[in-house]
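Below, each chain spelled out in residue letters.
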Amino acid sequence: MHSRPFLWLVLALPGAWILGRWGATPDLYGYGHAIADSGDWAAWLLLATLAVTPVRLLFRRRAWAQWLMRHRRDLGVASFAYAAGHTVIYLVRKASLETIVNELSTPYILIGWLAFVLFVPLAITSNDIAMRRLKRSWKRLHRLVYPAAILTFAHWVLSAYDPTTAWIHIAILAVIELVRLGAQWRQRVT
Ligand code: HEM
């Protein structure tokens, strides 16, 4: 019941680690590491968020699966927080509006921005008040997470010198979605 503050503390640890290392050893751990690590954590938490529904469908009666379901929005918001930090790191590094606008012509940067733009309304509406107000449209709106996830992983593939790691994550995303669709089809829920 009171596990939310503890969960947030745990979710903040990688962020503290990134900032701590950057602050303590800026020569060893610079922009390159910070942008990669913040991107990784945003992507991992996104996968974790998307895995909650299939896990809940497979382990319906388990208390831990229900706990995860209750905290699905926290995981999603945490993913967004890392994506926002990732974006701030990029913006601070580029420092000029001209450079930032010019780089929109780089496909992986544009795709990153598109993913980010899709995540904004999801993060804003990941609270009880928005859920109550939006009623049935909440679920419809939050289906945007699927195109946003695809854009995120396309961003990763296109940004990487060696995209193997990105493809491994796409395979994990595909497994998560296949399990979800299979379990939903079997249990006739959406
Ligand atoms: C707001 C627009 C975004 C910009 C400008 C941006 C920028 C970047 C940059 C510059 C890199 C480093 C590429 C390199 O290795 O040289 C990167 C990598 C990455 N970004 Fe983004 N990004 C954006 C949005 C996102 C979002 C929304 C996510 C996830 C939800 C994300 C996840 C990643 C991941 C996973 C990587 C690869 C990290 C790695 O190599 O391990 N990015 N991004």
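Just above, that's the structure.
Note that the structure is a prediction, hence the values are computed from the model and not measured.

For the rest of this paragraph, the subject is the packing of aromatic side chains. Overall, the coordinates contain 6 aromatic pairs when judged by the stated rule. Between Trp-41 and Trp-44 the ring centres are 5.0 Å apart and the planes differ by 85°, which places this aromatic pair in the edge-to-face class. Placement of both Trp-41 and Trp-44 in helix H2 (residues 31–58) is noted, with a separation of 3 residues, approximately one turn of the helix. The class of Trp-41 is partly exposed, set by a relative accessible area of 29%. Ring plane angle 15° and centroid distance 5.3 Å describe the contact between Phe-80 and Phe-116, whose orientation is recorded as stacked. Taken together, the residues span a long stretch of sequence, with Phe-80 in helix H4 (residues 72–94) and Phe-116 in helix H6 (residues 107–124) at a distance of 36 residues. With respect to class, Phe-80 is no different from Phe-116; both count as buried. Site record: aromatic cluster; members linked through ring pairs are Phe-80, Trp-113 and Phe-116.

The subject of this paragraph is the environment of Val-120. Topologically, Val-120 is positioned in helix H6. On the basis of relative accessibility, which here comes to 28%, the residue Val-120 falls in the partly exposed class. The spatial distance from the C-alpha of Val-120 to the C-alpha of Ala-84 is 9.4 Å, given a sequence separation of 36 residues.

To continue, consider the coordination of the iron atom of the ligand. By definition of the ideal shapes, a tetrahedral metal site with four donors has angles of 109.5 degrees and an octahedral site with six donors has angles of 90 or 180 degrees. Coordination of the iron atom of the ligand by the protein is provided by His-86 (NE2) and His-155 (NE2), with metal-donor distances spanning 2.0 Å. Each of the 6 donor atoms around the iron atom of the ligand contributes to a set of angles spanning 86 to 180°, which defines the coordination as octahedral. One end of the pair, His-86, is in helix H4; the other, His-155, is in helix H9 (residues 145–159), and 69 residues separate them in sequence. Like His-86, the residue His-155 is buried in the burial classification.

Definitions and limits used
Residues numbered from 1 in each chain as written. Predicted model: local features only at pLDDT ≥ 70, side-chain atom pairs only at ≥ 80, totals over all residues. Heavy atoms only, no water. Phe/Tyr/Trp six-rings, centres within 6.5 Å; stacked < 30°, edge-to-face > 60°. Helix = DSSP H or I, 4+ residues; strand = E, 2+ residues; numbered from the N terminus. Buried < 20%, exposed > 50% of the residue type's maximum accessible area, 1.4 Å probe, protein only. Donors = N, O, S within 2.8 Å, 3.2 Å for Na, K, Ca; no water. Tetrahedral: all angles 85-135°; square planar, octahedral: opposite > 155°, others 65-115°.

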